[in-house]
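Residues per chain, in single letters:
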Amino acid sequence: MESRVEQRVLEATSAKLTFEPEEKIGTIVVDSFPSLGTLAAARFLEWVQSNPEGVISLPTGKTPEYFIRDVRRFVEHWDEPGTSAEIEGLGLDPARKPTLRGVRFVQIDEFYPINPLHQNSFYSYVHKYYVDGFGLDPGRGLFIRCDQIGLPDGSTLESIWGDGGVDLSLRYRLPESKQEKLQQSVLRGVDQWCVEYEDRIQQMGGIGFFLGGIGPDGHIGFNVRGSDIHSTTRLTEVNYETKAAAAGDLGGIEVADERLVITIGLRTITRNPDAVAIIMAAGEAKARVVADAIQRERHVLYPATALHELKNARFYLTGGAAKHLTARRVDDVLRRDELTDVDLERVALDVSLASGKRLVDLTKKDFQAHPEGKALLARITAPITTVCADVADTLRGKIEGGMQLPADTVFLHTEPHHDDIMLGYMPFVVRSIRDHSNTHYFATMTSGFNSVTNAYMLKLCVQMREELELDRFGFPGLLEEGYFSRENEHFTDYDVLRYLDGIAQHDEDLQLEGTLRRLLRNLIQVFEEIDPNDIADRVDELISYFQTQYPGKKDLPHIQMLKGMVREWESAGLWGYFGWDSRSVENLRLGFYKGEIFTEEPEMSRDVIPILDLLRKVKPDYVTVAFDPEASGPDTHYKVLQAISEALRLYEKESGRSDITVLGYRNVWYRFHPSEASLFVPVSLNMLTLQHYSFMNTYISQREASFPSYEHKGPFTELSQRIQVQQYEMLSTALGRDYFYEHESALIRCTRGFAFVRTMGLEEFYSFSRELKRRAENL
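About the thresholds
- In this convention, every chain numbers its residues from 1, walking through the sequence in written order.
- pLDDT decides what is reported in this predicted model: residues at 70 or higher carry local features, side-chain atom pairs at 80 or more are listed and counted, and totals for whole chains, interfaces and linings draw on all residues regardless.
- Computation of side-chain values covers all heavy atoms of the structure but excludes hydrogens and water.
- Strands here mean DSSP runs of E at least two residues long; helices mean DSSP runs of H or I at least four residues long; both are numbered from the N terminus.
- What the globule rule says is 2.2 Å times the number of residues to the power 0.38, and the radius of gyration is computed from C-alpha atoms.
- A contact between two residues is defined here by any heavy atoms of the two lying within 4.5 Å.
- A pair of strands is considered paired only if DSSP assigns at least 2 bridges between the two.
- Axis lines are fitted to C-alpha atoms, over the contacting stretch for helices. Their N-to-C directions set the angle, which ranges from 0 to 180 degrees.
- Each residue gets one of three labels from its accessible area relative to the maximum for its type: buried under 20%, exposed over 50%, partly exposed in between, using a 1.4 Å probe on protein chains only.
- An angle below 35 degrees is treated as roughly parallel, one above 145 as roughly antiparallel, one from 65 to 115 as roughly perpendicular, and anything else as oblique.
- Note that Gly is not counted as nonpolar here; it falls among the polar residues with everything else outside the nonpolar set of Ala, Val, Leu, Ile, Met, Phe, Trp, Tyr, Cys and Pro and the charged set of Asp, Glu, Lys and Arg.
- Counted as salt bridges are all cases of a side-chain nitrogen of Lys or Arg within 4 Å of a carboxyl oxygen of Asp or Glu.
- Put simply, two rings from Phe, Tyr or Trp (the six-membered ring, in Trp's case) pair if the centres are within 6.5 Å, and we call them stacked under 30 degrees between planes, edge-to-face over 60, tilted for the rest.
- In this analysis the charged atom, NZ for Lys or CZ for Arg, is taken to sit over a ring once it is within 6 Å of the ring centre and within 35 degrees of the ring normal.
- The reported arc concerns the directions from the helix axis to the C-beta atoms and nothing else.
- Here the term right-handed applies to a crossover when the path leading from its first strand over the helix to its second strand runs clockwise, the strands being oriented away from the viewer.
- Here, nonpolar core means buried Ala, Val, Leu, Ile, Met, Phe, Trp, Tyr and Cys residues that are tied together by side-chain atoms lying within 4.5 Å of each other.
- Each polar contact in these results corresponds to two N or O atoms within 3.5 Å; when the atoms are within protein, one needs to be able to donate a hydrogen and the other to accept it, and residues that are neighboring in sequence are counted only if both atoms are side-chain atoms.

Peer 1: Would you mind going over the overall build of the protein chain in detail, with residue names and values included?
Peer 2: Helices and strands together make up the secondary structure of the protein chain, namely 30 helices and 16 strands. Relative to a compact globule of 779 residues, whose C-alpha radius of gyration would be 28 Å, the protein chain shows 28 Å and is just as compact. With the C-alpha coordinates aligned to their principal axes, the bounding extent of the protein chain is approximately 80 × 75 × 60 Å. Taking all contacts inside the protein chain whose residues are at least 6 apart in sequence as the whole, residues at least 24 apart take part in 78%.

This is how it looks when you write it as structure tokens:
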């Protein structure tokens, strides 16, 4: 092995680089998302030590967050004793401080068309974080600047393409207008530029160090599923999964649908046979595409398999991202000192699902045909029929547990964003609400403004301007009566009740009245205006703002606040459905959430203390948490987990309460394996209908799914339902449909889905966040 950095990690974990013949590429697994960045940073600096003028390509997006931070931290503090000891421990030579000024940077990809000066362009990203952040020489780099590619003198991207997309058919057909003729000329100019970009990369000797992430369809760069293994730099379309993943950067799927991309090709990455090519992936959401990339033969359906030909190609993964690497899971079963009941449950259930047979019908032959099942047979002495019967009993026990929820209990339900509870474990919430001995509080940790589009805000503001002109709802009288004053904050609940009346009566005017009452209240609070004429002026300003700002641009603080208030209004409507008013709903607006591409680390006074104060106020028996210790979903989930964990530690210490139960849930971004969950909450058709109807009638800004999942084209609630039904199908396979069809409980007989949740004591919960806390302190 050429890399001391990689050798140190493998020695520390007693792991192999490659499990042949299953794995076709070297793979290193680390224990956390931050550790992934540290490893990549150390390997990069090790390469630069030997290649001070080498050619590098580095990724954009959220994946390289800790890579960027650690490269800067190591280089800026290289000679300090603590840093020197750390880098030596990582396998780097502290006597050879790397110099980044000499390396040559190649930009991997870019949206097209996009103004390079816009904050959400990759051109802007690489200049901010790599050219400026690492101190690279921009004169030695190759960059994709769309406004300088193929345009005639005096033309702009806007004058050529307008607000529409790029019609690639102009490559082959005759233009039908003067504008199309101009567009065809620009398109051909872009294609020629791509050829020349590729030539310049090869004249440099090819890429020497490539670091990238992997997309939801397995794409590397923007080489999506189906890309030619021998592809080069080009202007191309991308698929839905890639557009959905980019929607957050571009300001919505509506914008992403209008964008093409310029990307280097797979052959661009692999042409240099000595290139170091590293793919980073964190969390279980990436596990399937990672497994395909590592274990499949080279194929256009799995773009990263193109890297198999490089001897220095690697995958750096967290444990969750490595979850489907078969040989490693087999090795884990064989090497474990002792297999737990959870291990037995997981393997037996996987054999059941793979064979399509009930647990009680599985035979030794079924286990021998399954890699992990075969390994399990080698480790156990009990008859496999006994093991399967015990696992079936365990699954039935989890279902029974999901039927019998706590009573006389105080719940503090927390969520990073305003619809995470709804999409994660709403059936649990609804069933526990029905027991009136329970008390519930709902706390959203962040403002969530990033998920509200400018187009939606523009629509609201236009409706408000019309109301101020027409006075259909009597707002001037309400203003005089003090309805909107801070002294009468209990009227905020009246806004919600008015809206809910409108839903009950199918009266869109009543719904609009409730919505605009809350919007007016928010405008008064944000702008500190009370005169109707002044408010009207503010509304006109907002209309102008939302009409002129490009999608995806970071908003001004007062715009962020208004957008966040829209999300808070929607959440208030949901909980109002079930009778919970503002006395039970908290919006913490934690300060680490600022709309930056890299969310800040939580801080004690700013982010932890507000949660601690809430714990003191509520005195909960149960605290629910979006459980994402590996950053499978949005990084906000991962960082909220840190803040809640620290607040619980402090609360436990001062109150002496060690009896608090933490309920971990997951949502549309990642799921529990049944063996990881401790409760299976039944979901009936009635509950599925309630979830969808309440979501569509309260989370109005999310109806159009402007920031969708890559797995589903439509509202999140439809994907949530699909997941719950899939989880029912898994249990139906393992236990047999007769268990559900003939169950003595009507609740189980009517079940058509399950919500999986995990209950933990405080110590168990802390064990998942301890590494996060340590890492945050180091940074």
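After that view of the structure, there is still more to cover.
Peer 1: Could you give me a rundown of the sheet that holds strand E12 (residues 585–587), with the residues and numbers involved?
Peer 2: One open sheet holds the seven strands; their spatial order is E12-E11-E10-E13-E14-E16-E15, and the pairing between them is mixed. Of all the strands in the sheet, the pair left with one neighbour each is E12 and strand E15 (679–684). Ignoring strand direction, the axes of neighbouring strands in this sheet form an average angle of 25°. Both strand E14 (residues 661–665) and strand E16 (residues 751–760) contribute to a ladder of four bridges, which runs antiparallel. By the bridge assignment, glycine 664 is partnered in E16 with arginine 758. Its contacts with the sheet place helix H26 (residues 685–698) against E15 and E16, and it is angled at close to 85° to E15.

Peer 1: Describe helix H8 (residues 240–250), with residues and values.
Peer 2: In terms of burial, H8 is a largely internal element, eight of the eleven residues being buried. Regarding H8, the residues found buried are Tyr240, Glu241, Thr242, Lys243, Ala244, Ala246, Ala247 and Leu250. The inward-facing, buried residues of H8 contact strand E4 (109–112) and helix H9 (253–256). Directly beyond the C-terminal end of H8, a positive phi value near 95° is found at glycine 251.

Peer 1: Please give an account of the environment of valine 360 that cites residues and values.
Peer 2: Position of valine 360 relative to the elements: it lies in the loop between helix H13 (341–355) and helix H14 (364–368). Classification of valine 360 as partly exposed rests on a relative accessible area of 48%. Each C-alpha atom of the pair valine 360 and alanine 734 lies 8.2 Å from the other, and the pair is 374 residues apart in sequence.

Peer 1: Can you lay out the packing of helix H18 (residues 454–470) against helix H21 (residues 508–527) for me, pointing to particular residues and giving the numbers?
Peer 2: Contact geometry for H18 and H21: axes closest at 10 Å, N-to-C directions at 95°. As the angle between them shows, H18 and H21 are arranged roughly perpendicular. For the pair H18 and H21, contact is made by Leu460, Gln463, Met464 and Glu467 and by Leu512, Thr515, Leu516, Leu519, Leu520 and Leu523, respectively. Taken together, the residues of the contact of H18 with H21 sort by class into seven nonpolar, two polar and one charged.

Peer 1: Kindly report on the pattern of salt bridges, identifying the contributing residues and their values.
Peer 2: Taken as a whole and judged by the stated rule, the model has 60 salt bridges. Among the salt bridges present, the one from glutamate 309 reaches arginine 267, with a minimum N-O distance of 3.0 Å. Of the two residues, glutamate 309 sits in the loop between helix H11 (287–295) and strand E9 (312–318) while arginine 267 sits in helix H10 (residues 266–270), which places them 42 residues apart along the sequence. Take glutamate 309: its relative accessible area is 39%, and that puts it in the partly exposed class.

Peer 1: Can you break down the pairing of E16 residue by residue, with the values?
Peer 2: By the criterion of burial, E16 is predominantly enclosed, with eight of the ten residues buried. Sheet analysis places E15 next to E16, joined by six bridges and oriented antiparallel. In the strand pairing of E16, valine 681 is matched with alanine 755.

Peer 1: Any details on the packing of aromatic side chains? Residues and values, ideally.
Peer 2: Evaluation of the coordinates by the stated rule reveals 44 aromatic pairs. Grouping aromatic residues by their ring pairs yields a cluster made of Phe44, Trp47, Phe67, Phe105, Tyr123, Tyr125, Tyr129, Tyr130, Phe134, Phe143 and Phe209. Cation over ring: arginine 69 sits above tyrosine 66, and NZ or CZ is 5.7 Å from the ring centre. The lysine or arginine in question, arginine 649, covers the ring of tyrosine 766, its NZ or CZ lying 4.7 Å from the ring centre.

Peer 1: Mind laying out helix H1 (residues 4–13), listing which residues take part and the relevant values?
Peer 2: Taken as a whole, H1 has its buried residues at Val5, Glu6, Val9 and Leu10. Seen from one end, H1 has its buried residues packed into an arc of 130°, which puts them on one side. Those residues of H1 that are exposed and aimed more than 90 degrees away from the buried face are Glu11 and Ala12. Looking at the buried positions of H1, the neighbouring elements they touch are strand E1 (26–30), helix H2 (33–50) and E9. Serine 14 lies just past H1 and shows a positive phi near 55°.

Peer 1: Explain the pairing of strand E8 (residues 276–281) to me, using residue names and the numbers behind them.
Peer 2: Of all six residues in E8, six are buried; the element is thus mostly enclosed. Of the two faces of E8, the one carrying Val276, Ile278 and Met280 and the one carrying Ala277, Ile279 and Ala281 are both buried. Alignment of strand E5 (residues 209–212) against E8, held across four bridges, turns out to be parallel. Note on E8: the bridge partner recorded for phenylalanine 210 is alanine 277. Two strands pair when backbone bridges link them, and E8 and E9 are joined in this way by six bridges, in the parallel orientation. The residue bridging isoleucine 278 from the neighbouring strand is arginine 314, located in E9. Tracing the backbone out of E8, into H11 and back to the parallel element E9 gives a crossover that is right-handed.

Peer 1: An account of the nonpolar core is requested, with residue identities and associated values reported.
Peer 2: One broad rule of soluble globular proteins: the nonpolar side chains tend to lie buried together. Tyr112, Phe210, Ile214, Ile262, Phe315 and Leu317 are the most contacted members of the largest nonpolar core, which has 70 residues in total. The element best represented in this core is helix H7 (residues 178–203), accounting for seven residues. Discounting chain neighbours no more than four positions away, the residues touching isoleucine 214 are His219, Ile220, Ile279, Met280, Ala281, Lys286, Val289, Val290, Ala293, Ala304 and Phe315. Core analysis: the second largest hydrophobic core is formed by 67 residues, Leu344, Leu349, Phe449 and Ala677 among them.

Peer 1: I'd like a rundown of the side chain of aspartate 70, residues and numbers included.
Peer 2: If you trace the backbone, aspartate 70 turns up in helix H3 (residues 65–76). For aspartate 70, a relative accessible area of 0% translates into the label buried. Within the structure, aspartate 70 has its side chain in polar contact with the side chain of arginine 73 (distance 2.9 Å).

Peer 1: Could you give an account of the sheet that holds strand E3 (residues 104–105), with specific residues and numbers?
Peer 2: Spatial ordering of the open sheet is given by E1-E9-E8-E5-E2-E3, a layout of six strands whose pairing is parallel. Both outer strands of the open sheet, E1 and E3, are each paired with one neighbouring strand and no more. Across the sheet, H1 touches E1 and E9, and the angle it forms with E1 is around 60°.

Peer 1: I'd like a description of unusual backbone geometry, backed by residues and values.
Peer 2: Cis rather than trans, the peptide bond between glutamate 20 and proline 21 has omega equal to 5°. Here proline 21 lies in the loop between H1 and E1. The omega angle of the peptide bond from tyrosine 112 to proline 113 is -10°, so this bond is cis rather than trans. In this structure, serine 14 is a non-glycine residue whose phi angle is positive, near 55°. Inspection of the secondary structure puts serine 14 in the loop between H1 and E1. Even without glycine at this site, histidine 506 takes up a positive phi of about 50°.

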